[in-house]
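Residue-level structure breakdown
Listed below are the residues making up each chain.
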Amino acid sequence: MRHTEFWTRMEAALGASYARAWADQHVLAALEGRTVTEALDAGEDVREVWRAVWAELGLPARDR
């Protein structure tokens, strides 16, 4: 998964105006207590970050 696809999915799940704010502010235990932005900036695999977001938001299986 590329970063562009990741952000497209984030915007589809949370809305274009809220996705980046959520990624900057919401801490996920699955990301070792980091935000999405922190995890991506640290070089975490984008697919793994998406899986953590998917689980946190309780998105449907089709979005995995």
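Residues numbered from 1 in each chain as written. Predicted model: local features only at pLDDT ≥ 70, side-chain atom pairs only at ≥ 80, totals over all residues. Heavy atoms only, no water.

**Structural notes on the packing of helix α1 (residues 3-14) against helix α2 (residues 16-25)**
Two elements in contact, α1 and α2, have axes separated by 7 Å at closest approach and are oriented at 110 degrees. Between α1 and α2, the angle is such that the two are roughly perpendicular. Judged by the sense of rotation from one axis to the other, the crossing of α1 with α2 is right-handed. Contacts between α1 and α2 involve Trp 7, Met 10, Glu 11 and Leu 14 on the former and, on the latter, Ala 16, Tyr 18, Ala 19, Arg 20, Trp 22 and Ala 23. (Axes fitted to C-alpha atoms, helices over the stretch in contact; angles between N-to-C directions. Helix = DSSP H or I, 4+ residues; strand = E, 2+ residues; numbered from the N terminus. Parallel < 35°, antiparallel > 145°, perpendicular 65-115°, else oblique. Left-handed = near helix turned anticlockwise from the far one by under 90°. Contact = heavy atoms within 4.5 Å.)

**Description of helix α4 (residues 46-57)**
A rise of 1.5 Å per residue sets the reference length of α4, with its twelve residues, at 16 Å; its end C-alpha atoms lie 16 Å apart and thus fit the reference within 8%. Those residues of α4 that sit buried are Val 46, Val 49, Trp 50, Ala 52, Val 53 and Trp 54. At the exit of α4 stands Gly 58, carrying a positive phi of roughly 65 degrees. (Expected span 1.5 Å × (residues − 1). Buried < 20%, exposed > 50% of the residue type's maximum accessible area, 1.4 Å probe, protein only.)

So far we have only geometry, and geometry alone does not tell us how the molecule works.
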